[in-house]
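These are the residues of each chain, in order.
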Amino acid sequence: MTSRVAAAIDAARAEGRGAFVGYLPLGFPDLQTSIDAAVALAENGADILELGPPYSDPVMDGTVIQEATQAALAGGFRLRDTFTAVREITRRVDVPVLVMTYWNPVLQYGVDRYADDLLAAGGAGLITPDITPEAAPEWIAASERTGLDRVFLAAPTSTDERLELIAKNSTGFVYTVSTMGITGERAQLDAAARTLVARLREHGVEHACVGIGISNAEQVAGVLDYADGAIVGTALVRALRERGLEGLAETAQSLAAGTARDAN
């Protein structure tokens, strides 16, 4: 099956630019606004949407995203709302939607049931930050059955053996962690990201998108000098929190401007 996520990256490349992957938490500040925000993000430059259902123990997320997801949980977000949101977003915009989820909610819901419901809602796949390929045979089987993408993470500390495993089992793209630590805005990106992408290429990875710490158009452009896509989350969540949908749209447009290959 053709990966819609990989196709979106290839389409951006054909236009002479890198892909802009935009992250937003579902349910913040409320479910409908989070849906409208995702649509606005797609309409203002995002090639791929990464949506995060709130989770009680978000070990990868920095303060801004943690506060947003805790607010969403306090507002009554339920796991089933994920599929409601994805269904409405994909009805309104033609941009692939990945769900960034910790593994326990998927396990509790049922891996096959989750995959089937995500597919029915129009979702493109999952980003799974806290499960490794060797621990995910049930998810790999479900994704192969449904055609959903499975995006695993690679870190600067990953061994060549692990990178090979990630390369063989990821579809869509490999989420390339720019620096060790949690998500958030950083003044300078770790040069280890460039080295990590080069290592992934050696293992045959065609689509590598870099995330964590990217917060402005200049950083987007810098990452796209060597990677296929730039993943931005915290800057978008901050814009939504502080300036609403209008601020989010303006921030998305600014970030998207950095995707041109001559933006450097």
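Up top is the structure these notes are about.
Conventions adopted
- Residues numbered from 1 in each chain as written.
- Predicted model: local features only at pLDDT ≥ 70, side-chain atom pairs only at ≥ 80, totals over all residues.
- Heavy atoms only, no water.
- Helix = DSSP H or I, 4+ residues; strand = E, 2+ residues; numbered from the N terminus.
- Rg over C-alpha atoms; globule rule 2.2 N^0.38 Å.
- Buried < 20%, exposed > 50% of the residue type's maximum accessible area, 1.4 Å probe, protein only.
- Contact = heavy atoms within 4.5 Å.
- Areas by Shrake-Rupley, 256 points an atom, 1.4 Å probe, with all protein chains shown as cover.
- Lys, Arg positive; Asp, Glu negative; His and termini not counted.
- Charge placed at Lys NZ, Arg CZ, Asp CG, Glu CD.
- Axes fitted to C-alpha atoms, helices over the stretch in contact; angles between N-to-C directions.
- Left-handed = near helix turned anticlockwise from the far one by under 90°.
- Nonpolar A, V, L, I, M, F, W, Y, C, P; charged D, E, K, R; others polar.
- Phe/Tyr/Trp six-rings, centres within 6.5 Å; stacked < 30°, edge-to-face > 60°.
- Salt bridge = Lys/Arg side-chain N within 4 Å of Asp/Glu carboxyl O.
- Pairing = 2+ DSSP bridges.
- Right-handed = clockwise from strand over helix to strand, strands pointing away.

S.K.: Quick one: what's the story with the overall build of the protein chain, residue by residue and with numbers?
M.R.: If you tally the helices and strands in the protein chain, you get 11 helices and nine strands. Relative to the globule expectation of 18 Å for 264 residues, the C-alpha radius of gyration of the protein chain, 17 Å, shows essentially globular dimensions. Expressed as lengths along the three principal axes of its C-alpha atoms, the size of the protein chain is roughly 45 × 40 × 30 Å. Within the protein chain, the proportion of its 264 residues that are buried is 58%. A sequence separation of at least 24 residues applies to 71% of the contacts in the protein chain between residues at least 6 apart. If you sum the accessible surface of the protein chain, you get close to 10600 Å²; carbon and sulfur atoms cover 48% of it. Between the averaged position of the 21 positive side-chain charges in the protein chain and that of its 35 negative side-chain charges there is a distance of 2 Å.

S.K.: Give me the packing of helix H2 (residues 31-43) against helix H4 (residues 81-92): which residues, what numbers.
M.R.: The contact between H2 and H4 brings their axes to 9 Å, and the two run at 35 degrees. Relative to H4, the crossing made by H2 is right-handed. Contacts between H2 and H4 pair Leu31, Gln32, Ile35, Asp36, Ala38 and Val39 from the former with Asp81, Ala85, Glu88, Ile89 and Arg92 from the latter. The residue makeup of the contact of H2 with H4, split by class, is six nonpolar, one polar and four charged.

S.K.: Report on the packing of aromatic side chains, specifying residues and quantitative values.
M.R.: A complete count under the given rule lists four aromatic pairs for this structure. With centroids separated by 5.3 Å and ring planes inclined at 35 degrees, the aromatic side chains of Phe83 and Tyr109 adopt a geometry described as tilted. Taken together, the residues Phe83 in helix H4 and Tyr109 in helix H5 (residues 103-109) connect sequence positions 26 residues apart. Overall, the relative accessible area of 14% leaves Tyr109 in the buried class.

S.K.: Account for the pattern of salt bridges, naming residues and giving values.
M.R.: Inspection of every chain in the model, using the stated rule, returns 17 salt bridges. In this structure, Arg13 engages Asp10 in a salt bridge whose closest nitrogen and oxygen atoms are separated by 3.2 Å. With Arg13 and Asp10 both in helix H1 (residues 4-14) and three residues apart, the pair spans about one turn of that helix. Residue class for Arg13 comes out partly exposed when judged on its relative accessible area of 37%. Of the residues examined, Asp10 reaches a relative accessible area of 33% and is grouped as partly exposed.

S.K.: Run through the pairing of strand E2 (residues 48-52), naming residues and quoting values.
M.R.: Of all five residues that make up E2, five are buried, and the element is covered over most of its length. Where strand E1 (residues 19-25) and E2 come together, five bridges link them in parallel fashion. Paired with Tyr23 across the strands is Glu50, a residue of E2. After leaving E1, the chain enters H2 and then returns to the sheet as E2, a path that is right-handed. As paired strands, E2 and strand E3 (residues 97-100) are joined by three bridges and run parallel to one another. Paired with Leu51 across the strands is Val99, a residue of E3.

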